[in-house]
Each structure stands twice: as C-alpha cells, then as structure tokens.
Amino acid sequence: MRNETEMRQAALLPEAKRGVVSLSALHPGEQGTVVALAGGRRLLSRMAALGFTPGVRVTMVQNFGHGPLIVLVRDTRVALGRGEASKIHVRRMDSD
Amino acid sequence: MTEKIHTVALAGQPNVGKSTLFNLLTGLNQHVGNWPGKTVERKEGTFTYNGRIYRLVDLPGTYSLTANSVEEVIARDFIIKERPDVVIVVADAATLERNLYLVAELLPLPAPVILALNMMDVAQQEGFRIEPEVLEAALGVRVVPMVATKNVGVHELLAAIDEVAHDMDDYAPKRPEVRADHQDVLAQIETLIEGYVPEPYPQDWVALKLLEGDREITQLMQEHLPEERWQSVYDILRQHDDAMVAVASGRYEWIGRMIRAAVTRPKVGQIGLTERLDRWATHPLWGLILLASILGLTFWLTYTIGAPLQELLDTYVVGNLAELARIRLAGGAPWLSALIVDGIIGGVGAVLTFLPILVIFFAVMGTLEDMGYMARAAYVMDGFMHLMGLHGKSFLPLFLGFGCNVPAVLGTRVIESRRARLLTIMLAPLIPCTARMAVVAFLAPAFFGSAATLVSWGLILLALVVLALSGVLINKTVFRGQRAAFIMELPLYHLPNWRTIGMLVWQRSLAFLKKAGTLILLVSVMVWALSMLPGGEIETSFLARIGRLMEPVGRLMGFDWRLMVALLTSFIAKENSIATLGVLFGADQEAGLAETLAATFSAPTALAFLVVQMLFIPCVATVAVIRQETGSWRWTLFSLGFLLLVSWVAGVGLFWLAHLVGL
C-alpha cells in the first residue's frame, strides 16, 4: 500500500517529475529507474557501493507497506529501511 | 642469497568466500590478531608455491574504498603504504557487476591486481554465462575462475600470483576513467595539488578522492596545501558537491562495458534458489517462526550436548585436576596448595567449563553467517530492534547472550557501525546467561518455594525490560539518538563450508583460552587472595572487610555483608555466589544452605538479591572480551559503572515495591 505522505509528495511534484516516487512507493514486482539520491555523503557512498546510482534499474522484491524493504539492484538483493528508501527517488517503469 | 618474501593482499567485498580462500591457501599457517590500534580482526598467513614463500594478508571485507568505515581505511592504507606485490580481489561471480565496483576502486592504486572469480558454480546455477578470457582482455588483469569451496582453480590462482609477483612488465590494466562531464574538474584539481601530495599517495588517486569528498583525504590535503591553494581546491569542490554520485556512476558505466562483453545474463523471470527460500525466510510471519525455530534448536543443542559436557568437564577434568594437585601439594605449604587448588584451578577451571557451550554457539553463529542466513535474521528482527536505536544485525549477538555473554560480545563483530556495535556490547551483559540462571534456579526455590518458576520468569522478563530501557536511554544520551543507516546486502544462500566454520570456531575458542590463561587467571588469583588474606579465613579476610565497608550500599535492600561478598565473588564466575554463601553460612550441603538463607532473609531482601544478581556486572571473562572488542578501558568502565548503577537501582526499587505490597 502506498501511504498518505507518499501520495501527497507525488501530488506536489511538478509535471516533469510525474511518475517519480520514493523507492518505498514501488509495489512488489514493480520496476523503476533511479533518478536521484538524497542524503549525506556517507549514506550516498554506501548506497553507491551497494549499486544504487542514477540510471540503474531496480525491482521491488518485498514491500509490506511497513518495515524494511527488499530491492533487487545489479543482481544483488539489498535490504533497506523505509527511511533510507525514501531518499532514493525512482521513476516507475510503467508510467513513462 | 635468500629471495625476498613476497606479500600478497587478499581483498574483496563481504560474502564472497574470502575467508574460505584464505584458509585454503594458508591452512594452519595463519595468525589472527588485530590491526594496530584498531578493533578489526587481522589475519595473516604464509603459503609456499614453486619453492617460494609468500606472506598472505587478509584485508577486511569492504564494498568500496572510500573512508566510510575503519575497514575501508585499513584496506586502502595497507595497499598504499605497504605496497603488496600482488592484490587478489575475490569476487562473487553471481553478483559480478556490484563486485567489480571494488575492482574499479583498486585499479588506480599502486599494486597489481588479480581477479579471483569465485563461486562460478553458483553463478551458473543462477543462469549467468561468464567468459573469463573476455573479461581478462577487457580489464587487462589476470582473471582466474574458481570454486574455492571445491578446490577448483586454486592451482591456477597460485600460478597467476607467482607470475605477477615476479614479472610486472606485462601488467597493463585498463583503468576506469571519470565520467566525461567531470574530467575537466578532476584535471583542475590535479593541477592545483601537483607537487603537494605527500608520499606514498598517488597524485591522481588523491585528486579523485577529493572530488568524491573523501573525508580523510580532504583533511590530508588541507594540511599539506598552502592556504591559498587549498582555498581554490575547496571552492571547486564546493561547486561540485554532487560529484560523488557522478564518480560512482562513472565506475558503473565502466563496469557495464566489461559486463556486456563477458557476461550473458539469465532470462528475466528465472527464479533462483535464494528467491524461493527468501519467500519464507524474510516473510514477516514465517520468517519470525523460522528464526524462532532456529533459536529453539540452538538452545536444545546447548542443553542436550553443552550442559552435560560442561558437567563432565567440571567433575572429571577440573575436579580431578584439583584432587591431583591437592594430593601432590599435600606436603608443601598450605597456602601454595590453596592458591593452586582454590585460586587457580577453582577460578580458571570454572570459566573453562563453559567452553563446550561457547563452541556450540560459535559453531551456530559461524554456520548461519556462512550460509547467508544471518542477514535474513537481521532483516526480520529489524522493526523490534529499532525501538532501542539498533537495527536487526544486533539481534543475534544479543540472543547468544542467553548461553553465555562472551560469544554475545564477540558476535557483535558482524555489526559494521561502531556506534551500533558499542551499544550492543553495552547491552549484552544484561542478557541472563546460563550461569546466572543456574544461581536463580538454586536460590529462587529456596526463597520462594512453589512460586519459584513465576519468580524466575519474572526475573528474565525484568532483565529484558531493563535491557530495552537501557538501549533507549544510552542511545538517547550517549549517542544522541543517531542511528546507523539500515542498508545491507542479502547474500545468495549457499551450502556451509565446514572448513571455514571449523577454523572460525577454533580461532575464537583459542582466543578465549588465551584470555583464560592471562587476564582471567590474574583476576581469579587476586579475588581468591583477597578472600584468604590475611588470616586464611574468608570471614576475616580483606574481601569480607570490603563487603562490610560496602554494607551500607546494600542495607537499603536489607543486604548484610555476606550477601555483598557473595556478589563480589560472582565476578569470577556467576555460580561462585552460591559457593561463597555456602562458606559464609557455614553450610556444607547445598540443601542446608537453602533453608538457612530462607530463614535469615526476608522475602523483599531475597527478591532484591536475585534482581541484583541478575543485572550485576558480568563475570571477568565477559569483561575481558568487552575490553578486547571495544578496544577501550573507558567503554569497559562505563559498562561496569552503568551495570552497577542499574542493578542497585532495580534492587532497591523492587525491595521497596515488595515492602509496599506486603510481600
């Protein structure tokens, strides 16, 4: 389930950014392309080393709407907290 | 003339089978220590090939070489400062794309690289087709396909090491370049720092790390550049503070070209073994049930194998040894006999009898880690651990504490963030270990009769509540609520490698035995001496005097000096409390002791004593490993002070509460 804050954030985005959501908004099985990463340098660097960089395709593996997520990125299954996931902005693959 | 011994460094990301390869190459010719001044494990060994001796240094497993963690700094400093003759990068063939990221970071460093493409069998199972020769041509470095667990490719790797170590002329790697849109900036930085980069850092690498915003290198150059130049560099860096992501993307673009040439990917939709297993193992309900079953099994193993073995050790090895010493020393000075029998064998022996339980816990931890399950356990427990400002990875070490606090503290090595690791170590002694439970199991029936079970469960619950509250408190105050980001790899499952696990159990046990022979021995003898000097009787000893001195602290809970002394001697091993009470109350038989105690102390005092016993400072073995793993006396003393305070507050609180309800 997409939660309310995420819905509101999506609504506030300008036209060009439509389809861009936080990673935690993807449903299991859905794919997206990373468009931007936010956060401190340390977190960015860890994300990059685990495979998250702009342009990479990610597949949501597990997302129950609460608790940590599992994402497939560069053939690696990565578990991450919702807080960390909210710093990764993705474009839904089907919304182009 | 003897030939120079060549140094080979072993690098790789976590979960790629690096330890397995290290053990395979060195066998028993290895030595485990710590990196100088750090609490990170350092393994070093030797192997012989082609009549030449090689020194193999295992670098910490890291995903990248940016100064994010101590491990990353250690790995890159070793390569830059010690200049190994060869660096072997172990990569998991099934996650090659991400693994090549470390290769992209290693190639600009001044040491020739060999890529050991491990777990080729798993990659094949997952549907990847990899052509090592094509990859070799694309990278310009030797690529050796391997299955380290099955001994496949080891000979080829050794031959490659031997070749590269002795003939550098052919070494011409194709190094990754920074993305086109940042090449100008990089060139500008390099011009500015030219001539100012201290030895032995490579200049182009320093420029790249500056652009990436690497904290350590930024500080280094700020110190070495004249102020004006630093200002110019700083201005450029500030304009490009997003460069880190660009540099990382550049590396993946380079990797992408390598991969496209050498790897055929599985068809989309192919479901691997890992995905099928994870549907259960990471499910919020089934995952918890699976974890609970595994933990239950671990306890079952401990009680059916560990506990009887512990008893056997106690009776036959420690008991007989004490008897033998007593007979042998019968003719000599009585104090010598007492020192050896009661002080050394009694103290260290009690600690040593825990070895079977430790071995079981080390083996379970090692197996779960090696199979790749540990990350799943961390994942399903993450929500719960959040409450204490920790994340899932702290759960298993804490769980191990129920067996013994020693493996709990050692088990925190799986936690990357120092802050989370320290917090977990601070909380570990609050887990009631088997020895504490043994004391409770003896005293609770003596004091509370039929309500003993209820009291015992209540005490465990209390300890866990205190643990959770302490977690929240320490996190909020000492660590100011910071929390390490929860982002971790869920590695592919594979069959456990018994050699790797066996080696781990052996090394951990050996380290514990060494501790028992040094620090634990020293403290045991000291406490024993305090309990015997000056008159040879515990009732008139220094320890008793200390107990009397501290009586006022205990009086708030109705304790007398004898209970204080019992607590003090529990520092050697928790069960000592009972033995001490036995001596102080002059009861030879434990049954007699139970009645005497029940007659002497009121129910609130008895309850308070059990509570304090439960939350008191841990035994000397645990303190020794806390010191070892934190690498700091300050944290060790903080832990002791904190536990003293917590146990006293809880004891006094429950004593008065019991009074109020009229127990």
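What you see is a predicted model, and the numbers here were worked out from it, not measured in a lab.

A. Layout of the pattern of salt bridges. All names here are of chain B. For the structure on display, the rule yields 28 salt bridges over all chains. Residue Lys4 is joined to Asp85 by a salt bridge in which the shortest nitrogen-to-oxygen separation is 2.8 Å. Taken together, the residues span a long stretch of sequence, with Lys4 in the segment before strand S1 (6-12) and Asp85 in the loop between helix H2 (70-82) and strand S5 (86-92) at a distance of 81 residues. With a relative accessible area of 17%, Asp85 lands in the buried category. Residues Glu629 and Arg421 are paired through a salt bridge, measuring 2.5 Å at the closest nitrogen-oxygen approach. In this pair, Glu629 sits in helix H29 (residues 620-630) while Arg421 sits in helix H19 (residues 418-427), placing the two residues 208 residues apart along the sequence. Overlapping salt bridges bring together Glu41, Arg413, Arg421 and Glu629 as one network.

B. Just the interface of chain B and chain A, in detail. Every contact between the two is made by 39 residues of chain B and, on the other side, 29 residues of chain A. When chain B packs against chain A, the two sides together hide about 3100 Å² of surface, and 57% of this comes from carbon and sulfur. Among the residues of chain B in contact with chain A, Asn68, Tyr379 and Ile487 of chain B are the three that bury the most area, contributing 23% of the side total. Run the count over chain B and chain A and you get three salt bridges. Between the two partners, chain B and chain A, sit 15 residue pairs in polar contact (both at pLDDT 80 or more). Counting residues per element, the ones that place at least two in the side of chain B that touches chain A are helix H3 (96-106), helix H11 (243-262), helix H12 (273-281), helix H16 (374-386) and strand S10 (487-490) of chain B. The leading source of residues in the side of chain B that touches chain A is H11 of chain B, at five residues. Per-class residue counts for the side of chain B that touches chain A are 16 nonpolar, 10 polar and 13 charged.

C. Representation of the environment of Gly67 of chain A. Relative to the elements of secondary structure, Gly67 of chain A occurs in the loop between strand S3 (57-62) and strand S4 (69-73). The spacing of Gly67 of chain A and Gly81 of chain A is 14 residues in sequence and 6.9 Å in space, taken between C-alpha atoms.

D. Representation of the sheet that holds strand S6 (residues 88-92) of chain A within the structure. Strands sit in the order S1(A)-S6(A)-S2(A)-S3(A)-S4(A)-S5(A)-S10(B) across an open sheet of seven strands; the sheet is antiparallel. Lying at the two open borders of the sheet, with one neighbouring strand each, are strand S1 (20-22) of chain A together with S10 of chain B. Across the sheet, the axes of successive neighbouring strands diverge by a mean angle of 40 degrees, strand direction being ignored. Sheet topology note: the strand S2 (residues 31-37) of chain A/S6 of chain A ladder contains five bridges and is antiparallel. Within S6 of chain A, the position partnered with Leu37 of chain A by the bridge is Ile88 of chain A.

E. Helix H30 (residues 633-660) of chain B, seen in detail. All names here are of chain B. With 28 residues, H30 ought to run about 40 Å at 1.5 Å a step, and its terminal C-alpha atoms sit 40 Å apart, in line with that. The N-capping residue of H30, defined by a side-chain oxygen 3.2 Å from the backbone nitrogen of Arg634, is Ser632. Looking one or two residues beyond H30, the residue adopting positive phi is Gly662, at roughly 75 degrees.

F. Inspection of the sheet that holds strand S4 (residues 52-58) of chain B at higher detail. Residues and elements named next belong to chain B. Taken together, seven strands build an open sheet; the order of strands is S2-S3-S4-S1-S5-S6-S8 and the sheet is mixed. One side of each edge strand has no neighbouring strand; the edge strands of this open sheet are strand S2 (30-34) and strand S8 (142-145). For this sheet, the mean inter-axis angle between neighbouring strands, taken without regard to orientation, is 25 degrees. The sheet contact formed by S1 and S4 spans five bridges and is parallel. Following the sheet pairing, Ala9 is matched in S4 by Val57. Seen against the sheet, helix H1 (residues 18-26) touches S1, S2, strand S3 (41-49), S4 and S5 and runs at an angle of roughly 45 degrees to S3.

G. Just unusual backbone geometry, in detail. Residue and element names in this part refer to chain B. Following Glu199, the chain continues to Pro200 via a peptide bond in cis, the omega torsion being -5 degrees. Turning to its location among the elements, Pro200 is positioned in the loop between helix H7 (183-193) and helix H8 (203-212). Unlike most non-glycine residues, Asn50 shows phi in positive territory, near 60 degrees. Here Asn50 lies in the loop between S3 and S4. For Met119, which is not glycine, the phi torsion reads 60 degrees and is therefore positive. Locating Met119 in the fold gives a position in the loop between strand S6 (113-118) and helix H4 (120-125). Its relative accessible area of 9% is what places Met119 among the buried residues.

What counts and what doesn't
- Residues numbered from 1 in each chain as written.
- Chains lettered and ligands numbered in written order.
- Predicted model: local features only at pLDDT ≥ 70, side-chain atom pairs only at ≥ 80, totals over all residues.
- Heavy atoms only, no water.
- Salt bridge = Lys/Arg side-chain N within 4 Å of Asp/Glu carboxyl O.
- Helix = DSSP H or I, 4+ residues; strand = E, 2+ residues; numbered from the N terminus.
- Buried < 20%, exposed > 50% of the residue type's maximum accessible area, 1.4 Å probe, protein only.
- Contact = heavy atoms within 4.5 Å.
- Buried area = accessible area lost by both parts, 1.4 Å probe.
- Polar contact = N/O pair within 3.5 Å; in protein donor to acceptor, adjacent residues only side chain to side chain.
- Nonpolar A, V, L, I, M, F, W, Y, C, P; charged D, E, K, R; others polar.
- Pairing = 2+ DSSP bridges.
- Axes fitted to C-alpha atoms, helices over the stretch in contact; angles between N-to-C directions.
- Expected span 1.5 Å × (residues − 1).

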